[in-house]
Amino acid sequence: MNYFKRTDILIILAILAVSGISWWVYQQFSAEKQAVAEIYYDSELAMTVELNKNEDRRFSIPQNENVVFHLYEDGSIAFEDSDCPDKVCIRAGRIKSAGQFAACLPNGIVMKIVPVGDHDKDDADIVIGQ
């Protein structure tokens, strides 16, 4: 039995090639932009963290010291520890590209990566007021 025709395989390969090239181009352009992490507590900006490379530190925000963040040497950031029951925020892993975000909803903390200089107060935002 022949499940695929020759044209089916060519179409699948073309879609994979276009997807791969698009992903590579996006990564090249987004990697060039300097980004910062904005940490929100109850929809209010609590802290802005520069994603400097070659800096490895752990910190928390003053509003909730039970949630610990980890800034890695490669410029990525992640939730490291939290007192929330489900720990979904910790399992979200590291984020470092503009547009990525992670949240600890039981504690009301949202962390998102935004490009430096391109972020404006009137831009669309993932943080929603209560």
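The paragraphs below set out a description of the structure included in this document.

Cut-offs used in this document
Residues numbered from 1 in each chain as written. Predicted model: local features only at pLDDT ≥ 70, side-chain atom pairs only at ≥ 80, totals over all residues. Heavy atoms only, no water. Helix = DSSP H or I, 4+ residues; strand = E, 2+ residues; numbered from the N terminus. Contact = heavy atoms within 4.5 Å. Areas by Shrake-Rupley, 256 points an atom, 1.4 Å probe, with all protein chains shown as cover. Pairing = 2+ DSSP bridges. Axes fitted to C-alpha atoms, helices over the stretch in contact; angles between N-to-C directions. Buried < 20%, exposed > 50% of the residue type's maximum accessible area, 1.4 Å probe, protein only. Polar contact = N/O pair within 3.5 Å; in protein donor to acceptor, adjacent residues only side chain to side chain.

Quick look at the overall build of the chain now. When you go through the chain residue by residue, the secondary structure sums to two helices and seven strands. If you list the helices and strands of the chain from N to C, you get α-β-β-β-β-β-α-β-β. Long-range contacts, defined as pairs at least 24 residues apart, comprise 31% of the intrachain contacts of the chain with a sequence gap of at least 6. Entry remark: accessible area of the chain is about 9,000 Å², with carbon and sulfur atoms responsible for 55%.

A separate point is the pairing of strand 2 (residues 44-50). When strand 1 (residues 35-41) meets strand 2, the two strands line up antiparallel, connected through six bridges. Its bridge partner being in strand 2, Tyr-40 is matched across the sheet by Leu-45. Counting the residues between successive antiparallel strands, the hairpin from strand 1 to strand 2 contains two residues, one of them, Asp-42, with a positive phi of roughly 50°.

Turning to the sheet that holds strand 6 (residues 101-104), a few remarks are in order. One open sheet accounts for four strands, arranged 2-1-7-6; its pairing is antiparallel. If you trace the sheet from one side to the other, it starts and ends with strand 2 and strand 6, each paired once. Neighbour-to-neighbour, the strand axes of the sheet open up by a mean angle of 20°, direction not taken into account.

Burial within strand 7 (residues 109-115) is extensive, with seven of its seven residues counted as buried. The alternating pattern of strand 7 places Ile-109, Met-111, Ile-113 and Pro-115 and Val-110, Lys-112 and Val-114 on opposite faces, both of which are buried. Relative to strand 7, strand 6 runs antiparallel, the two sharing four bridges. Considered in strand 7, the bridge of Ala-103 is made with Val-110. Between the antiparallel neighbours strand 6 and strand 7 lie four residues, among them Gly-108 with a positive phi of about 70°.

The next point concerns the side chain of His-70. Position of His-70 among the secondary structure elements: in strand 4 (residues 64-71). A polar contact is formed between the side chain of His-70 and the side chain of Tyr-72, at a distance of 3.4 Å. Among the polar contacts made by the side chain of His-70, one reaches the side chain of Glu-80 at a distance of 2.7 Å. The contact partners of His-70, leaving out residues within four places of it in the chain, are Asp-56, Arg-57, Arg-58, Ser-76, Ile-77, Ala-78 and Glu-80.

Right, let's get into the sheet that holds strand 5 (residues 77-81). Pairing is antiparallel in the open sheet, where three strands are placed in the order 3-4-5. The open sheet has two edge strands with one neighbour each: strand 3 (57-61) and strand 5. Strand-to-strand, the axes of this sheet are offset by a mean angle of 40°, without reference to chain direction.

Keep in mind these numbers describe shape, not what the thing actually does.
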